[in-house]
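Summary of structural features
Here is how the chains run, residue by residue.
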Amino acid sequence: MAMKHQPLTWMAILVGLMGFAAAAAGQDWPQWRGPKRDGAVTAFMEPASWPGGLIERWKVDVGLGYATPLLVGDRIYMYTRQKDDEVMMALDAGSGKVIWRSSYPAAFKMNPATSRHGPGPKSTPTFAEGRLFTLGISGIVTAFDAETGKRLWQKPAPPVQPMFHTGMSPVVDGRLVMVHVGGHENGALRAFDVATGEVRWSWDGDGPAYGSPVVVDLGGTRQVVTFTQRNFVGVSVATGELLWRRPYTTQSATTAQTPIFHKDAVIETGRGNGITAFRVARRGNQWTTENVWHTDDVSVHLSDAVAVDGVLFGLSHLNSGQYFGLDLDTGRVLWTSGPRQAEHAAIARAGNTIFSLEDDAELVVVRQSRSSFEPLARYKVATSETWAQPAISKNRLFVKDVSSLTLWTLD
């Protein structure tokens, strides 16, 4: 595109901490947008200088869909569609060889408006405590054993789907996995027991949107925060009670963002709505929200932004795709790139280094700045469109294109 460019006690504690650290290190990219669902890469080795090209280590055909590859230890977990089945598979991260494959039939009729993006799942699985949780494109919810691929439990597709099919990714908190099931004008944010699939609570106040929820503590209460079809809501993780609600819609009912948090503020953005920061507060038994700032100078659609040192870096859909830096304390736009950068970008960051995988398969590496758009390198990483978020760890980049998964390395 144009213009892109006690001793025993202490010893026990130490051993426990080491074990925890090892387990955490193994979960490089266990869910949508990474360990904290904020696009932050926890294990990346930046080179002294960026090479002229990346090295392709392996490439395998895995099937259709936009699910992010999950990296957990030495395994990659991939969720796709192959013919009429939805498929969950585990691959060796070093070689790309399939370790196990589990599938189930998933009859599906596409909305013609979505035909460009194919019938593969758009939801990313979630790995937690040895289990994998998926949301199929027609709404089938499944739990798998991550070691063997055995299906642990499954919920059938609901009678109603979202207008443009499912897009949200499950979120796990303790013994609950939360999924917004159902569809247009008829849905429920539902908490399932991770082990049995039993419904623990269900909030049926709105249909689903296409973005993914985040679990966070606000006002001293643990809540799942998510966009829905017509609202932006906070729901109690413990009970499923609606705590607060802000009316929120986007053009053509295409709300697709994951909530972002900065200090005590929640960042709200969606197609044609600009960007707003607001605070959530509890006064007695009442919950309220209060705007902090708002700007219409930039607006985010489909792509998710990342926060780096008080600056929001993202791709605005205005001006045919324009990168921007925005001060998260004031809402002031610090800079914008030239227009026509990309239609979509899957954005992640490692420290002050930002990775933007554009839909035309170009990976743009950017240095975070408060003054300008500063690209460091550009790499072609596929021969077809790339809408899935990549998984990045150490010197490795796992890229899912239309039907293939490729491992690229920096050296």
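This one's a predicted model, so the numbers in the text were calculated from it and none came from an experiment. (Residues numbered from 1 in each chain as written. Predicted model: local features only at pLDDT ≥ 70, side-chain atom pairs only at ≥ 80, totals over all residues. Heavy atoms only, no water.)

1. What about the overall build of the chain?
Heads up, the condition is: In DSSP terms, a helix is any run of H or I states spanning at least four residues, a strand is any run of E spanning at least two, and both are numbered starting from the N terminus. Radius of gyration: over C-alpha atoms. The globule rule applied is 2.2 Å multiplied by the number of residues raised to the 0.38 power. Summary of the burial criterion: residues with accessible area below 20% of their type's maximum are buried, those above 50% are exposed, and those between are partly exposed, where the area comes from a 1.4 Å probe applied to protein chains only. Here the open area of atoms and residues is found with the Shrake-Rupley method and a 1.4 Å probe, where only the protein chains shown may cover a residue. Positive charges come from Lys and Arg, negative ones from Asp and Glu, while His and the chain ends are left out of the count. Lysine's charge is taken at NZ, arginine's at CZ, aspartate's at CG and glutamate's at CD.
Of the regular secondary structure elements, the chain holds 1 helix and 32 strands. Expected size for 411 residues packed as a compact globule is a radius of gyration near 22 Å; at 20 Å, the chain falls within 12% of this value. Projecting the C-alpha coordinates of the chain onto the three principal axes gives extents of approximately 65 × 55 × 50 Å. Out of the 411 residues in the chain, the part that is buried amounts to 57%. Looking at the chain as shown, the accessible area adds up to about 16,800 Å², and 52% of this sits on carbon and sulfur atoms. For the chain, the distance from the average site of its 40 positive side-chain charges to the average site of its 39 negative ones is 2 Å.

2. Quick notes on the confidence of the model for the chain
Here is the rule: The quantity known as pLDDT measures the predictor's confidence residue by residue, on a range of 0 to 100. In this analysis, two residues are considered to be in contact whenever any of their non-hydrogen atoms come within 4.5 Å of each other.
Considering every residue of the chain, the mean pLDDT works out to 92; 93% of them sit at 70 or more. Residue range residues 1–26 is modelled with pLDDT below 50. Its contacts to residues more than four positions away, or to other chains, number 27 contacts.

3. A look at the sheet that holds strand β11 (residues 176–183)
Definition in use: Only strands joined by at least two bridges in the DSSP assignment are considered to pair. To obtain each axis, a line is fitted to C-alpha atoms, and for helices this fit is confined to the stretch in contact; angles are then taken between N-to-C directions over 0 to 180 degrees.
The antiparallel open sheet is built from 4 strands, whose spatial order is β10-β11-β12-β13. Looking at the sheet topology across the chains shown, the edges are occupied by β10 (171–173) and β13 (199–203). Here the average twist between neighbouring strands, direction ignored, is 25°.

4. Remarks on the side chain of T166
As a reminder, the rule being used: Polar contacts, as counted here, are pairs of nitrogen or oxygen atoms within 3.5 Å of one another; within protein the pair requires one atom able to donate a hydrogen and one able to accept it, and residues that are adjacent in sequence qualify only if both atoms are side-chain atoms.
One can find T166 in the loop between β9 (151–155) and β10. Since its relative accessible area comes to 6%, T166 is described here as buried. A polar side-chain atom of T166 sits 2.8 Å from the main-chain carbonyl oxygen of G136. A distance of 3.4 Å separates a polar side-chain atom of T166 from the backbone oxygen of I137.

5. With respect to the side chain of D401
So the rule is basically this: Within this document, salt bridges are pairs made up of a side-chain nitrogen of Lys or Arg and a carboxyl oxygen of Asp or Glu, the two lying within 4 Å of each other.
Examined against the element boundaries, D401 turns out to sit in the loop between β31 (396–400) and β32 (404–409). Although D401 is buried, it forms no salt bridge, and the closest oppositely charged side chain is K59 at an N-O distance of 4.4 Å. One polar contact links the side chain of D401 to the main-chain amide nitrogen of S404, over a distance of 2.6 Å. When neighbours within four sequence positions are excluded, D401 is seen to be in contact with K59, G65, A382, S384, E385 and T386.

6. Some words on the sheet that holds strand β28 (residues 362–367)
What the 4 strands build is an open sheet, ordered β26-β27-β28-β29; its pairing is antiparallel. Of all strands in the sheet, those with a lone pairing partner are β26 (345–350) and β29 (374–380), marking the two edges. Each neighbouring strand pair of the sheet contributes to a mean axis angle of 20°, computed without reference to strand direction. Here 6 bridges tie β28 to β29, and the two strands are oriented antiparallel to one another. Residue pairing for β29: E362 is matched across the bridge by K380.

7. Notes on the pattern of salt bridges
For side chains bearing opposite charge, pairing can occur when the charged atoms are close. Inspection of every chain in the model, using the stated rule, returns 14 salt bridges. The partner of E343 in a salt bridge is R116, and the shortest N-O contact between them spans 3.1 Å. Highlighted residues: E343 in the loop between β25 (333–336) and β26 and R116 in the loop between β5 (98–105) and β6 (126–128), separated in sequence by 227 residues. Among the residues examined, E343 registers a relative accessible area of 42% and is labelled partly exposed. Given the relative accessible area of 42%, R116 is considered partly exposed. For E362, the salt bridge identified is with R378, shortest N-O distance 3.1 Å. Highlighted residues: E362 in strand β28 and R378 in strand β29, separated in sequence by 16 residues. Owing to a relative accessible area of 17%, E362 belongs among the buried residues under this scheme.

8. Describing the pairing of β13
Relative to β13, strand β12 (residues 186–193) is paired through 4 bridges, and the arrangement is antiparallel. The residue of β13 that forms the bridge with L189 is W203. The antiparallel hairpin formed by β12 and β13 contains 5 residues in its connecting segment, where G197 sits at a positive phi of about 85°.

9. Some remarks on the nonpolar core
To be explicit about the condition: Joining through side-chain atoms within 4.5 Å is the link that ties buried Ala, Val, Leu, Ile, Met, Phe, Trp, Tyr and Cys residues into a set, and such a set is a nonpolar core.
If you look at the biggest cluster of nonpolar residues, it comprises 48 residues, and the most contacted ones within it are Y77, L132, L363, V381 and F398. Among the elements that take part in this core, strand β4 (residues 85–92) stands out by supplying 5 residues, more than any other. Once residues lying within four places of it in the same chain are set aside, the contact partners of L363 are L54, F355, S356, L357, A377, R378, Y379, V381 and L397. Counting residues in each nonpolar core, the second largest holds 15 residues, with V308, L315, A345 and F373 among its members.

10. Focus on the packing of aromatic side chains
Pairs of aromatic rings are described using the distance from one ring centre to the other and the angle between the two planes. This is how the line gets drawn: Only Phe, Tyr and Trp rings take part, Trp by its six-membered ring, and two of them pair if their centres are within 6.5 Å. Stacked means planes under 30 degrees apart, edge-to-face means over 60, and tilted covers everything else. A positively charged side chain is recorded as over a ring if its NZ (Lys) or CZ (Arg) lies within 6 Å of the ring centre. The angle to the ring normal must also be within 35 degrees.
Inspection of the entire model under this criterion finds 18 aromatic pairs. A centroid spacing of 5.1 Å and a plane angle of 80° characterise the contact between F44 and F355, whose relative ring orientation is edge-to-face. With a gap of 311 residues between them, F44 in the loop between α1 (7–26) and β1 (55–61) and F355 in strand β27 (residues 353–358) connect regions that are remote in the sequence. For F355, a relative accessible area of 4% corresponds to the buried category. When the centroid spacing of 5.8 Å and the interplanar angle of 75° are considered together, the rings of F232 and W244 count as edge-to-face. With F232 in strand β16 (residues 231–236) and W244 in strand β17 (residues 242–247), the pair connects residues that are 12 residues apart, well separated along the chain. Accessibility assignment for this pair places F232 and W244 in one class, buried. Here the aromatic residues F227, F232, W244, Y248 and F278 are joined through ring pairs into a cluster of three or more. Its end group placed over the ring of Y66, K122 keeps NZ or CZ at 5.1 Å from the ring centre. Over the face of the ring belonging to F278 we find R246, whose NZ or CZ atom lies 3.9 Å from the ring centre.

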